[in-house]
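Examination of the molecular architecture
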Amino acid sequence: MKILYLLLAFCACWTNVYAQKSDIDSAPPMGWNSYNCFGSAVHENEVKANANYMAKYLKAHGWNYVVVDFLWSYDNPPGSNIGNPFQKNLQDGSFVPWLTMDKWGRLLPQPTKFPSAFGGQGFKPLSAYIHKLGLKFGIHVMRGIPRQAVWAKSPVLGATGITANMIADTTSKCDWLNHMYGLNMDKQGAQDYLNSLLKLYASWGVDFIKVDDIARPYHKKEIEGYRKAIEQCGRPIILSISPGETPVNEAEHVKQNANMWRMADDFWDNWKEILHMFDYAKQWEGFGGNGHWPDCDMLQIGKLSKRGPVGNERYSRFTNDELYTHMTFWCIFRSPLMIGGNLPENRAIEKALFTNDEVLAVNQHGTAPHQLYKTDSIMVWYSHIPGSKDIYVALFNIGESARDVAIDFSSIGFKGKVRVRDLWKKQNIGIYKTNYSKTINKHGAALVRLTPIN
């Protein structure tokens with residue numbers, strides 16, 4: 001009887017893990033990230049406020065990840081907006097600021113910013129709060145091992161006799177934040193260190209990690225190390241790597257080792273950056289699929305830079321037409337959707353952009369997105385709808401005046417009559433025979449579903 005009970009318990013556990021793994025593989029992640037509105041200085045109450053908003057207004061539409069971005073181990077006092085505080089050496093070689101860290105050289109959340117972390121609880125209480133809302137929890141981490149752990153010769157958990165200074169590559173540094181050294185993955189104990197990190201994160205209930213300073217230059221062995229650590233941690237965890245530009249010639253490697261990867265540097269609310277993103281996406285055309293997603297970066301929609309990191313506090317500088325282009329392209333390309341604005345300050349336009357289920361279905365269920373054509377002023381992308389002959393089509397006016405943007409049905413293999421449904425308006429707009437054309441404002445977009453009528 002005891003053996004049967006254990007077998008049933010194992011099967012239940014495996015079924016749960018398999019279900020979570022299927023969730024990872026099925027569609028691009030959708031959620032919120034703290035960076036664009038709070039920089040390094042987000043506090044626990046603000047994370048909870050965004051999680052509460054998501055649970056109340058967005059969860060029903062598929063949004064479910066709540067991600068705490070960088071420097072959660074640094075003590076930002078209330079009101080601080082310091083973005084990248086460089087560490088300096090004291091006379092004895094130690095560092096200031098000293099980041100919150102355990103005896104094994106693993107960074108911990110700073111309790112003054114995350115009060116529930118007091119007593120060594122880490123992110124477990126905050127994660128539990130978010131999970132209770134029916135959401136998932138994620139964190140940002142910097143590649144490598146803390147320099148302060150190397151100075152302290154912190155022991156590596158799981159590697160007897162190995163200390164942090166023995167596995168660090170002190171020549172491998174981040175040029176914009178000097179808290180970490182890279183790991184020499186050829187050294188005994190380096191993989192053990194990453195394993196200990198992911199086991200810690202799994203014990204906290206982490207569902208998503210964003211590893212920074214790892215994709216440019218492309219640190220192949222360390223990326224593999226995080227993937228191996230996730231595989232042994234006992235919990236399905238999405239691996240996101242950044243920043244861009246992830247090399248296209250590493251496409252097969254990154255598909256095998258990460259769930260999402262940045263194509264470009266940090267994206268902000270500037271029209272020229274949208275134009276550049278179109279070009280990056282074209283380079284990565286055809287590489288996205290179940291479990292691996294080229295990432296256009298966060299959605300610059302809503303209230304941004306409340307506490308840094310770029311510019312003054314503001315709502316997105318995109319015009320309404322540009323906001324629709326932004327959301328339309330991220331959906332047709334099937335980029336992960338991570339909202340950057342402070343959710344509790346959303347207005348009607350943000351709610352409209354984030355809760356249109358027909359538009360979000362393009363991101364979550366469309367397949368094989370491809371650019372049909374692009375000129376200096378217009379662009380068309382399309383994707384297929386599984387189990388259907390229907391096709392999603394996104395029409396973009398990237399020029400500087402209103403103009404007609406058209407789709408010739410024969411160019412996507414359609415013959416005869418075609419029903420056109422406007423997904424942003426959620427209404428059928430007519431039946432057309434050879435093509436569909438729409439007048440679109442400058443920097444605007446349209447998103448339609450085409451259904452062939454036999």
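Bear in mind that the values here come from a model prediction, so they are computed numbers and not experimental data.

Digging into the sheet that holds strand E8 (residues 180–183)
Read across the sheet, three strands follow the order E6-E8-E7 without closing on themselves; strand pairing throughout is antiparallel. In this open sheet, the two edge strands, each paired with only one partner strand, are strand E6 (145–146) and strand E7 (168–173). Judged from the two bridges that link them, E6 and E8 form a sheet pairing that is antiparallel. Paired with Ile 145 across the two strands is Tyr 181, which belongs to E8.

A short note on unusual backbone geometry
A cis amide bond links Val 96 with the next residue in sequence, Pro 97, at an omega value of -5°. Note on placement: Pro 97 falls in the loop between strand E4 (95–96) and helix H4 (124–132). With an omega dihedral of 10°, the bond running from Gly 244 to Glu 245 counts as a cis peptide bond. Phi is positive for His 443, which is not a glycine, with a value near 65°. Following the sequence through the fold, His 443 ends up in the loop between strand E22 (435–440) and strand E23 (445–453).

Description of helix H9 (residues 271–283)
With 13 residues, H9 ought to run about 18 Å at 1.5 Å a step, and its terminal C-alpha atoms sit 19 Å apart, in line with that. Among the residues of H9, those classed as buried are Trp 271, Ile 274, Met 277, Phe 278, Tyr 280 and Ala 281. Buried residues in H9 make contact with helix H10 (320–333), strand E16 (367–374) and strand E17 (378–384).

Observations concerning the pattern of salt bridges
Overall, the coordinates contain 26 salt bridges when judged by the stated rule. We note a salt bridge from Lys 282 to Glu 285, for which the minimum N-O separation is 2.9 Å. For Lys 282, a relative accessible area of 37% puts it in the partly exposed group. Accessibility expressed as a relative area gives 19% for Glu 285, which makes it buried. One network of salt bridges, in which partners are shared, links Lys 303, Lys 306, Glu 313 and Glu 345.

Focus: the packing of helix H3 (residues 44–58) against H4
In the contact formed by H3 and H4, the axes pass within 10 Å of each other and the chain directions differ by 15°. Between H3 and H4, the angle is such that the two are roughly parallel. Crossing of H3 over H4 shows right-handed handedness. Mapping the contact onto sequence places Glu 44, Val 47, Lys 48, Ala 51 and Asn 52 in H3 and Leu 126, Tyr 129 and Ile 130 in H4. Its residues assigned to classes, the contact of H3 with H4 comprises five nonpolar, one polar and two charged.

A word on the sheet that holds strand E18 (residues 391–397)
Across the sheet, six strands lie side by side as E16-E17-E18-E23-E20-E21; this open sheet has antiparallel pairing. Either end of the sheet is taken by a strand with one partner, and the two such strands are E16 and strand E21 (427–432). Going from strand to strand, the sheet's axes swing by 25° on average, the running direction of each strand aside. Relative to E23, E18 is paired through six bridges, and the arrangement is antiparallel.

Focus: the environment of Phe 414
Turning to its location among the elements, Phe 414 is positioned in the loop between strand E19 (403–408) and strand E20 (417–422). Residues contacting Phe 414, with those up to four places away along its chain left out, are Lys 389, Ile 391, Phe 409, Leu 450 and Pro 452.

Some words on the UniProt feature "domain: Alpha galactosidase C-terminal" (unreviewed entry) in the protein
The residues that UniProt annotates with the feature "domain: Alpha galactosidase C-terminal" (unreviewed entry) are residues 380–450. The span residues 380–450 carries 0% helix and 59% strand; its end-to-end C-alpha distance comes to 14 Å.

Focus on the nonpolar core
Buried together is how nonpolar side chains tend to be arranged in soluble globular proteins. Residues Trp 63, Ile 209, Met 327 and Phe 329 are the most contacted members of the largest nonpolar core, which totals 125 residues. Looking at which element gives the most residues to this core, the answer is helix H6 (residues 190–204), with nine residues. Residue-level mapping places this core at the junction of two domains, with at least three residues from each of domain 1 (30–365) and domain 2 (372–453). Contacts of Met 327, omitting those with residues within four sequence positions, involve Trp 63, Leu 299, Ile 301, Leu 337, Leu 353, Phe 354, Leu 360 and Trp 424.

Points about the side chain of Asp 422
Among the structural elements, Asp 422 can be located in strand E20. Buried within the structure, Asp 422 lacks any salt-bridge partner; its nearest side chain of opposite charge belongs to Lys 438, at an N-O separation of 4.4 Å. Ignoring any residue separated from it by four or fewer positions in sequence, one finds Asp 422 in contact with Gln 427, Ile 429, Lys 438, Leu 447 and Val 448.

Here we look at the confidence of the model for the protein
Mean pLDDT over the protein stands at 94; residues scoring 70 or higher make up 94%. For the stretch residues 1–20, pLDDT sits under 50, and the model shows three contacts to residues farther than four places along the chain or on other chains.

Things to note about the packing of aromatic side chains
All told, the structure shown has 26 aromatic pairs when counted by the stated rule. Between the aromatic rings of Tyr 35 and Phe 70, the centroid separation amounts to 5.6 Å while the plane-to-plane angle is 70°, which identifies the pairing as edge-to-face. Residue Tyr 35 is found in helix H2 (residues 35–38), and its partner Phe 70 is found in the loop between strand E2 (65–68) and strand E3 (88–89); the two are separated by 35 residues along the sequence. Both residues of the pair, Tyr 35 and Phe 70, count as buried. Taken together, a centroid distance of 5.6 Å and an interplanar angle of 40° make the contact between Tyr 201 and Trp 204 tilted. Pair noted here: Tyr 201 and Trp 204 are both in helix H6, with a separation of three residues, about one helical turn. A residue is classified by how much of its surface remains accessible, and Tyr 201, at 4% relative accessible area, is buried. Three or more aromatic residues joined by ring pairs form one cluster here, namely Phe 267, Phe 278, Phe 318, Phe 329, Trp 330, Phe 333, Trp 381 and Phe 396.

Reading the values: the criteria
Residues numbered from 1 in each chain as written. Predicted model: local features only at pLDDT ≥ 70, side-chain atom pairs only at ≥ 80, totals over all residues. Heavy atoms only, no water. Pairing = 2+ DSSP bridges. Helix = DSSP H or I, 4+ residues; strand = E, 2+ residues; numbered from the N terminus. Expected span 1.5 Å × (residues − 1). Buried < 20%, exposed > 50% of the residue type's maximum accessible area, 1.4 Å probe, protein only. Contact = heavy atoms within 4.5 Å. Salt bridge = Lys/Arg side-chain N within 4 Å of Asp/Glu carboxyl O. Axes fitted to C-alpha atoms, helices over the stretch in contact; angles between N-to-C directions. Parallel < 35°, antiparallel > 145°, perpendicular 65-115°, else oblique. Left-handed = near helix turned anticlockwise from the far one by under 90°. Nonpolar A, V, L, I, M, F, W, Y, C, P; charged D, E, K, R; others polar. UniProt positions renumbered as here; feature names shortened; annotations may be inferred. Core = buried A, V, L, I, M, F, W, Y, C linked by side-chain atoms within 4.5 Å. Domains from an automatic or database assignment. Lys, Arg positive; Asp, Glu negative; His and termini not counted. pLDDT = per-residue confidence, 0-100. Phe/Tyr/Trp six-rings, centres within 6.5 Å; stacked < 30°, edge-to-face > 60°.

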